[in-house]
Amino acid sequence: MSPSILWPSVIRKGSLFLLPTGRLLGYEGSAMKHQDDMRFMREAIRLAALGSASGCGGPFGAVVVRKGRVVGRGCNRVTSSNDPTAHAEIVAIRDACRRLKSFQLDGCAIYASCEPCPMCLGAIYWARPARLVYACTRKDAASIGFDDAMLYREMLRPARKRKIAALQVLRHEALVVMRAWREQPGRKMY
């Protein structure tokens, strides 16, 4: 139920609510949740600044939080590791999964200093956290040279019309492996 139904004088600002006293109620009815979000986002931003200043990669940071505790940290390490997939969110997800000994992040929240790119958003969905919180937008990232607009456009095109040529071969041979996996007892779905 919206706080403005309970208190008609509550002011709504996006997803935040201000009480008549000026006290921040927050969203989902919880000022504490808002304070936690600010604290964990500041940690993601700190990692972004640290990674960028130390030459690890671009100005991006991320943390994975579970039950009020950081369980995974990451800053962009693309250029320092020569790994185009070493975005902050991916690094943080890998760290959290290793620490939690799980390939899924049930009950976790991911805090990213910037709206995730398509690759990171895909990884986030595969990891299945409960929440994603981000600071800067993809337009902010584009304004400093990290423009993902081409990727968003490419994903909407048929495979044969994308900038990187895609050719399908040996489907039947690959299907044999897939079907064998489907019949394998004890297989682990994800």
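Residues numbered from 1 in each chain as written. Predicted model: local features only at pLDDT ≥ 70, side-chain atom pairs only at ≥ 80, totals over all residues. Heavy atoms only, no water.

Q: Please explain the packing of aromatic side chains as it appears in this structure.
A: Here the distance between the centres and the angle between the planes together describe a pair of aromatic rings. If you walk through the whole model with that rule in mind, you get 2 aromatic pairs. Taking the centre distance of 4.9 Å and the plane angle of 90° together, the rings of F60 and F146 count as edge-to-face. Of this pair, F60 sits in the loop between helix 2 (31-53) and strand 4 (61-66) while F146 sits in the loop between helix 6 (138-143) and helix 7 (149-156), and the two are 86 residues apart along the sequence. Assessed through its relative accessible area of 13%, F60 is described here as buried. Lying over the aromatic face of Y152, R138 brings its terminal NZ or CZ to 4.0 Å of the ring centre. The ring of W181 has R187 lying over it, and the distance from NZ or CZ to the ring centre is 5.3 Å. (Phe/Tyr/Trp six-rings, centres within 6.5 Å; stacked < 30°, edge-to-face > 60°. Helix = DSSP H or I, 4+ residues; strand = E, 2+ residues; numbered from the N terminus. Buried < 20%, exposed > 50% of the residue type's maximum accessible area, 1.4 Å probe, protein only. Lys NZ or Arg CZ within 6 Å of the ring centre and 35° of its normal.)

Q: Explain the packing of helix 4 (residues 88-100) against helix 5 (residues 118-127) here, please?
A: Two quantities define a packed helix pair, namely the angle between the helix axes and the distance between the axes. At their nearest, the axes of helix 4 and helix 5 sit 9 Å apart, and the two run at 25° to each other. Our classification of the angle between helix 4 and helix 5 gives roughly parallel. As helix 4 runs across helix 5, the sense of the crossing is left-handed. Two secondary-structure elements touch here, helix 4 through E89, I90 and I93 and helix 5 through M119, C120, A123, I124 and A127. Looking at the contact of helix 4 with helix 5, its residues break down into 7 nonpolar, no polar and 1 charged. (Axes fitted to C-alpha atoms, helices over the stretch in contact; angles between N-to-C directions. Parallel < 35°, antiparallel > 145°, perpendicular 65-115°, else oblique. Left-handed = near helix turned anticlockwise from the far one by under 90°. Contact = heavy atoms within 4.5 Å. Nonpolar A, V, L, I, M, F, W, Y, C, P; charged D, E, K, R; others polar.)

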